[in-house]
Amino acid sequence: LSAAGAVVRMAHHEVALRALDLSYCQLDCFPEGIMSLQYLEMLNLSSNRIQEIPGSVATMSRLNTLNVGSNMINSLPFELGDLSTLRKLDISRNPMEHIPPHLRRARNTCSRANTRAILSYLRQMKKPFWWRYMKLMLLGDEN
């Protein structure tokens, strides 16, 4: 059992844990056990080796600060945009290959305005696009 795993297990016994700092714990993945910490407001997972944030992070309904800076994250799940309470998102110092050019500067600082811009983009991308539902229909003679 890793130190981070032990902390998450102990946290389940703390009814109202509001802040959890697992920075510099050499985590390779987002600890799934964290999702069940229903009162968690601040989560710091910076300076690890995390490659992906699971979409289930959207179940953390009270989370207002998420720091995943200095990891190995390439993209963000669209579900992250569903976190209406999130005010500070730090995704700095990640490779982020799948982020549009207009948000590249926003990812380097975790201001409220930049967090709103990123979450707004994720919400927009989650919506269905009309062209996903188009079908090709050819009309005319078979000649």
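The structure this text deals with has already been given above.
Scoring rules and cut-offs
Residues numbered from 1 in each chain as written. Predicted model: local features only at pLDDT ≥ 70, side-chain atom pairs only at ≥ 80, totals over all residues. Heavy atoms only, no water. Helix = DSSP H or I, 4+ residues; strand = E, 2+ residues; numbered from the N terminus. Buried < 20%, exposed > 50% of the residue type's maximum accessible area, 1.4 Å probe, protein only. Contact = heavy atoms within 4.5 Å. Expected span 1.5 Å × (residues − 1). Arc of directions from axis to C-beta.

Engineer: Even after reading the chapter, I still don't get the overall build of the chain, so can you show me in this structure?
Structural biologist: Counting secondary structure elements, the chain contains three helices and four strands. Ordered by position from the N terminus, the helices and strands of the chain form the series α-β-β-β-β-α-α. Expressed as a percentage of the 143 residues in the chain, the buried residues total 38%. Taking the contacts inside the chain whose residues are at least 6 apart along the sequence as the reference set, 28% of them involve residues at least 24 apart.

Engineer: Please clarify how unusual backbone geometry should be interpreted in this entry.
Structural biologist: Peptide bonds are mostly trans, and most non-glycine residues show a negative phi. The residue Tyr24 is not glycine, and still its phi comes out positive at about 55 degrees. By secondary structure assignment, the location of Tyr24 is in the loop between strand S1 (19–21) and strand S2 (42–44). When its relative accessible area of 65% is taken as the criterion, Tyr24 is described as exposed.

Engineer: What exactly am I supposed to notice about helix H3 (residues 112–126) here?
Structural biologist: Turn by turn, an α-helix covers 3.6 residues, leaving residues three or four places apart pointing in a common direction. Between its terminal C-alpha atoms H3 stretches 21 Å, which fits the 21 Å expected from 15 residues at 1.5 Å a residue. The complete set of buried residues in H3 reads Asn114, Thr115, Ile118, Leu119 and Leu122. End-on view of H3: buried residues confined to an arc of 130 degrees, all on one side of the axis. Of the residues in H3, the exposed ones pointing more than 90 degrees away from the buried face are Arg112 and Arg116. Here the buried face of H3 lies against strand S4 (88–90) and helix H2 (101–104).

Engineer: Even after reading the chapter, I still don't get the environment of Met72, so can you show me in this structure?
Structural biologist: Considering the arrangement of structural elements, one finds Met72 in the loop between strand S3 (65–67) and S4. Under the relative-accessibility criterion, Met72 is labelled partly exposed at 42%. Along the backbone, Met72 and Ile50 are 22 residues apart, and their C-alpha atoms lie at a distance of 5.6 Å. Among all residues touching Met72, those that are not within four sequence positions of it are Arg49, Ile50, Gln51, Asn94 and Pro95.

Engineer: Whenever I open this one, the side chain of Asn44 confuses me. Can you help?
Structural biologist: Along the chain, Asn44 turns up in strand S2. Residues in contact with Asn44, not counting those within four places in the same chain, are Leu20, Asp21, Leu22, Ser23 and Asn67.

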